[in-house]
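Given next are the chains, with one letter for each unit.
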Amino acid sequence: MRGHDWINSMLPDELILEIFRNLDSKTSRDACALVCRRWLTLERLSRDTIRIGGSGSPDSLVNLIASRFVNVTNLYIDERLSGAHPFDSGRRGSVRQSTWLRLRLMAERFESYCLSDAGLAAVADGFTKLEKLTLIWCSNATNAGLTFVAQKCRSLKCLDLQGCYVGDQGLGAIGECCKQLEVLNLRFCEGLTDTGLVDLAIGCEKTLKSLGVAACAKITDVSLEAVGSHCRNLETLSLDSEYINNKGVIAVAKGCPLLKNLNLQCIMVTDEALTAVGRLCVLLESLALHSFQRFSDKSLCAIGKGCKKLKSLMLSDCYFLSDKGLEAVAAGCPELSRLEINGCHNISTYGLESIGRSSMHLRELALLYCQKVGDEALSEVGKGCKYLQALHLVDCSVIGDDAICSIAIGCKNLKKLHIRRCYEVGSKGIIAIGDNCKYLTDLSIRFCDRVGDEALVAIGNGCPLLRHLNVSGCHQIGDTGITAIARGCPQLTYLDVSVLQNLRDMALAEVGEGCPLLKDIVLSHCREITDVGLAHLVKRCKWLESCYMVYCPGVTAAGVATVISTCVNIKKVLIEKSKVSARTRRRAGSVISYLCVDL
């Protein structure tokens, strides 16, 4: 029967709710909510995650949201985000009602612009099913508010406090009431001391699995000793502190046999603690060490000897580590699949050669500021690491084309290649990638002056799955290279061609014709691009969401207006303020970001 609502008459609430839960985007859910009042009510019941700003009038906003979305389990409140006002001033109403709203708005200007304990009390009363709570820089929240949450939200499993001035009493209440807590992150919590964290460790001793502590000056080894004594199920520990010593780390190593992930940035920790980790944490899978000045190869030798299940290793600014320690890890950790070395100046070609010979399961390798690592290292990686899928090289001045060719020939499953400021890498290496790595989806070669059009021609011919391309600052690349990409890589969604002085409108027209799925493009500092090229680009790229085009002298207000009017999905345009007309500003002011040039 024409006009009959078969869906609402035939489908029960449970089935419609299940459909809503399987929608893949918030936009789709919001659109469904506008169909009818029943769908609006059901969509609210299906919403399990809410993300709001903590400024504006957050307390009243939380009250309103809590009354509408009763099944929320994940709440994210960030003071750095602006909070939308809960009242809808767009609806027409009586003069009396409008006057009342204006008076209400004026009164609220004098209220606190930060989430307070009253807001946390509303969270506690309205979101009783809450499992994950994230509070970022909510500095007006105190012990009282956190205690409200602890008493009412007893199903809480994850708590993230960053920049919140809560104290020991609030954290102790969480430990006392939230017996299912599994994840706790504390960062810049200046009011916390060992007392609060000890109480929480005792209260959540059976459930706590992940603990992060960073920049909390009053938390010392005493807290970690309590964690080691009580939290035997701890699997993840992240520490960033100048006040943690060997004693605390050793206590965790002894008391937490299930530890799998360890992230340390503690300048007072030495070889003694890392040796204990290697000896006692036999299930360790991920280890990240940052800015260590007091430990040496002895630590890595202990890790290699004891942590046979290690899969991920990150070493950042560890100046006293050398090839010996890396060789020990390569020989002792056969499951190693991810390695990042950043600024460890004593690690050289020999250390990476040992990785290539022993770590056959390596899938991701990142070398940043490694001035002593040469072509021979990556040649060995290419021979031994057949499953490598991602390679990142930044400021590795000795690595050149021979290394990239070895990777291309030996690692045919490579999907991601990022190279930045490696001036010995030229077209020869990238051509080898195009000829051998047909599964490549992400290529970034930034400020590599020796890479030219012939390299991108090879990529366009050999890598049809490419989705992400960044050739910023590669001055030898021009229309020919980008045209080859446009014709050979139809799945491209991201393109950065900034600072390409030889790029012209013809290449943009080719991109528009060949890459209809493009979502993001960066054209900044392309001096030959004009409004004509932009018009050809946006004519076919209907899914474009962001366009950066600052310092493009050939782009005028007309070109900006063309982008805004043609791309219905546009979310961000970065341009000089002088190139935005009043009409464009009125039409799409919310998506335009300005670069200040009036200095």
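Just above, that's the structure.
Residues numbered from 1 in each chain as written. Predicted model: local features only at pLDDT ≥ 70, side-chain atom pairs only at ≥ 80, totals over all residues. Heavy atoms only, no water.

### Section: the overall build of the chain
Reasoning step 1: Each helix and strand counted, the chain has 25 helices and 21 strands in total.
Reasoning step 2: The dimensions of the chain, computed from C-alpha atoms along their principal axes, are 75 × 65 × 60 Å.
Reasoning step 3: Across the 599 residues that make up the chain, the buried fraction comes to 52%.
Reasoning step 4: Considering only intrachain contacts with a sequence separation of at least 6, the fraction spanning at least 24 residues in the chain is 77%.
Reasoning step 5: Accessible area of the chain: about 26,900 Å², with a carbon and sulfur share of 53%.
Reasoning step 6: Seen as two clouds, the 70 positive and the 64 negative side-chain charges of the chain have centres 6 Å apart. (Helix = DSSP H or I, 4+ residues; strand = E, 2+ residues; numbered from the N terminus. Buried < 20%, exposed > 50% of the residue type's maximum accessible area, 1.4 Å probe, protein only. Contact = heavy atoms within 4.5 Å. Areas by Shrake-Rupley, 256 points an atom, 1.4 Å probe, with all protein chains shown as cover. Lys, Arg positive; Asp, Glu negative; His and termini not counted. Charge placed at Lys NZ, Arg CZ, Asp CG, Glu CD.)

### Details of unusual backbone geometry
Reasoning step 1: The residue D395 is not glycine, and still its phi comes out positive at about 55 degrees.
Reasoning step 2: Relative to the elements of secondary structure, D395 occurs in the loop between β13 (390-394) and α18 (401-410).
Reasoning step 3: Here D395 falls in the buried class, since its relative accessible area comes to 15%.
Reasoning step 4: One non-glycine residue, Y551, lies in positive phi territory at about 60 degrees.
Reasoning step 5: With respect to the secondary-structure elements, Y551 resides in the loop between β19 (546-548) and α24 (557-566).

### So, the pattern of salt bridges
Reasoning step 1: Under the counting rule described, the total for this entry stands at 11 salt bridges.
Reasoning step 2: Note that D402 and K428 form a salt bridge whose closest N and O atoms lie 3.6 Å from each other. On the criterion of sequence distance, the pair formed by D402 in helix α18 and K428 in helix α19 (residues 427-436) is long-range, its members being 26 residues apart.
Reasoning step 3: Taken together, the salt bridges that share partners define one network made up of R338, E340 and E364. (Salt bridge = Lys/Arg side-chain N within 4 Å of Asp/Glu carboxyl O.)

### Some remarks on the layout of surface pockets
Reasoning step 1: What the second largest pocket holds in volume is close to 160 Å³.
Reasoning step 2: Lining the second largest pocket are 14 residues, and of these R187, G212, V213, A214 and S238 lie nearest its centre.
Reasoning step 3: Those elements giving two or more residues to the lining of the second largest pocket turn out to be β4 (158-162), β5 (183-187), β6 (210-214), β7 (236-240) and β8 (261-265).
Reasoning step 4: Residues that form the lining of the second largest pocket fall into these classes: 4 nonpolar, 7 polar and 3 charged. (1 Å grid on protein atoms, 1.4 Å probe; cavity = no way out; pocket = protein on both sides within 12 Å on 5 of 7 lines; lining within 4 Å. Points joined across faces, edges and corners; volume = space filled by probe spheres on them. Nonpolar A, V, L, I, M, F, W, Y, C, P; charged D, E, K, R; others polar.)

### Notes on the state of the cysteines
Reasoning step 1: In this structure the tally under the stated criterion is 0 disulfides.
Reasoning step 2: Take C489: it sits in no disulfide, and the sulfur closest to it among the cysteines is that of C463, at 6.8 Å. (Disulfide = S-S within 2.5 Å.)

### Comments concerning helix α4 (residues 37-46)
Reasoning step 1: When we look at burial in α4, the residues that qualify are W39, L42, E43 and S46. Buried positions in α4, seen along its axis, are confined to an arc of 105 degrees and lie on one side of it. (Arc of directions from axis to C-beta.)

### A word on the packing of aromatic side chains
Reasoning step 1: Under the criterion given, the structure shown has 1 aromatic pair.
Reasoning step 2: A cation sits over an aromatic face here: R51 above Y76, 4.1 Å from the ring centre.
Reasoning step 3: Lying over the aromatic face of Y594, K577 brings its terminal NZ or CZ to 5.9 Å of the ring centre. (Phe/Tyr/Trp six-rings, centres within 6.5 Å; stacked < 30°, edge-to-face > 60°. Lys NZ or Arg CZ within 6 Å of the ring centre and 35° of its normal.)

### Regarding the pairing of β13
Residues in a regular strand project their side chains so that they alternate between the two faces of the sheet.
Reasoning step 1: Burial runs high along β13: 5 of the 5 residues are buried.
Reasoning step 2: Both faces of β13 are covered, namely the face carrying A390, H392 and V394 and the face carrying L391 and L393.
Reasoning step 3: With 5 bridges joining them, strand β12 (residues 364-368) and β13 adopt parallel strand pairing. By the bridge assignment for β13, E364 is matched with A390.
Reasoning step 4: Taken together, β12, helix α17 (residues 375-384) and β13 form a β-α-β motif whose crossover is right-handed.
Reasoning step 5: Where β13 and strand β14 (residues 416-420) come together, 5 bridges link them in parallel fashion. Bridging from a neighbouring strand, A390 pairs with K416 of β14.
Reasoning step 6: For the crossover that starts at β13, traverses α18 and ends in the parallel β14, the hand is right-handed. (Pairing = 2+ DSSP bridges. Right-handed = clockwise from strand over helix to strand, strands pointing away.)

### Quick notes on the packing of helix α11 (residues 221-230) against helix α12 (residues 246-255)
A pair of packed helices can be characterised by two numbers: the angle between their axes and the separation between those axes.
Reasoning step 1: As a packed pair, α11 and α12 sit with axes 8 Å apart at the nearest point and diverge in direction by 5 degrees. Of the possible angle classes, the one that applies to α11 and α12 is roughly parallel. On α12, the residues that touch D221, L224, E225, V227 and G228 of α11 are K247, G248, V249, A251, V252 and G255.
Reasoning step 2: Partitioning the contact of α11 with α12 into residue classes produces 5 nonpolar, 3 polar and 3 charged. (Axes fitted to C-alpha atoms, helices over the stretch in contact; angles between N-to-C directions. Parallel < 35°, antiparallel > 145°, perpendicular 65-115°, else oblique.)

### Some thoughts on the nonpolar core
Reasoning step 1: L367 and M549 are the most contacted members of the largest nonpolar core, which has 178 residues in total.
Reasoning step 2: Counting residues per element, this core draws most heavily on α18, which supplies 5 residues.
Reasoning step 3: Once residues lying within four places of it in the same chain are set aside, the contact partners of M549 are L523, S524, L534, V555, V560, V563, V573, L574, I575 and E576.
Reasoning step 4: Residues I16, L17, C32 and W39 belong to the second largest nonpolar core, which totals 6 residues. (Core = buried A, V, L, I, M, F, W, Y, C linked by side-chain atoms within 4.5 Å.)

### Observations regarding the packing of helix α10 (residues 194-203) against α11
Reasoning step 1: The contact between α10 and α11 brings their axes to 9 Å, and the two run at 5 degrees. As far as their axial angle goes, α11 and α10 are roughly parallel. Across from D194, L197, V198, A201 and I202 in α10, the residues of α11 making contact are V222, S223, A226, V227 and H230.
Reasoning step 2: Of the residues that constitute the contact of α10 with α11, the class distribution is 7 nonpolar, 2 polar and 1 charged.

### Here's the deal with the environment of E376
Reasoning step 1: Summarising the element assignment, E376 is placed in helix α17.
Reasoning step 2: Among the residues examined, E376 registers a relative accessible area of 48% and is labelled partly exposed.
Reasoning step 3: Sequence separation between E376 and Y350 is 26 residues; the distance between their C-alpha atoms is 8.5 Å.
Reasoning step 4: Those residues in contact with E376, other than ones at most four positions away along the chain, are T349 and E353.

### Observations concerning the environment of K386
Reasoning step 1: Structurally, K386 can be placed in the loop between α17 and β13.
Reasoning step 2: Looking at K386, the relative accessible area reads 42%, which means it is partly exposed.
Reasoning step 3: Separated by 28 residues in sequence, K386 and L414 place their C-alpha atoms 9.1 Å apart.
Reasoning step 4: Within the structure, the side chain of K386 is placed 3.3 Å from the backbone oxygen of K383, a separation counted as a polar contact. (Polar contact = N/O pair within 3.5 Å; in protein donor to acceptor, adjacent residues only side chain to side chain.)

### A few points about α11
Reasoning step 1: Within the span of α11, buried status applies to D221, S223, L224, A226, V227 and G228.
Reasoning step 2: Lining the buried residues of α11 we find α10, β6, β7 and α12.

### Comments concerning the environment of G559
Reasoning step 1: Position of G559 relative to the elements: it lies in helix α24.
Reasoning step 2: Given the relative accessible area of 1%, G559 is considered buried.
Reasoning step 3: For G559 and A535, which are 24 residues apart along the polypeptide, the C-alpha to C-alpha distance reads 7.1 Å.
Reasoning step 4: Every residue in contact with G559, bar those within four places of it in the chain, is listed here: D531 and L534.

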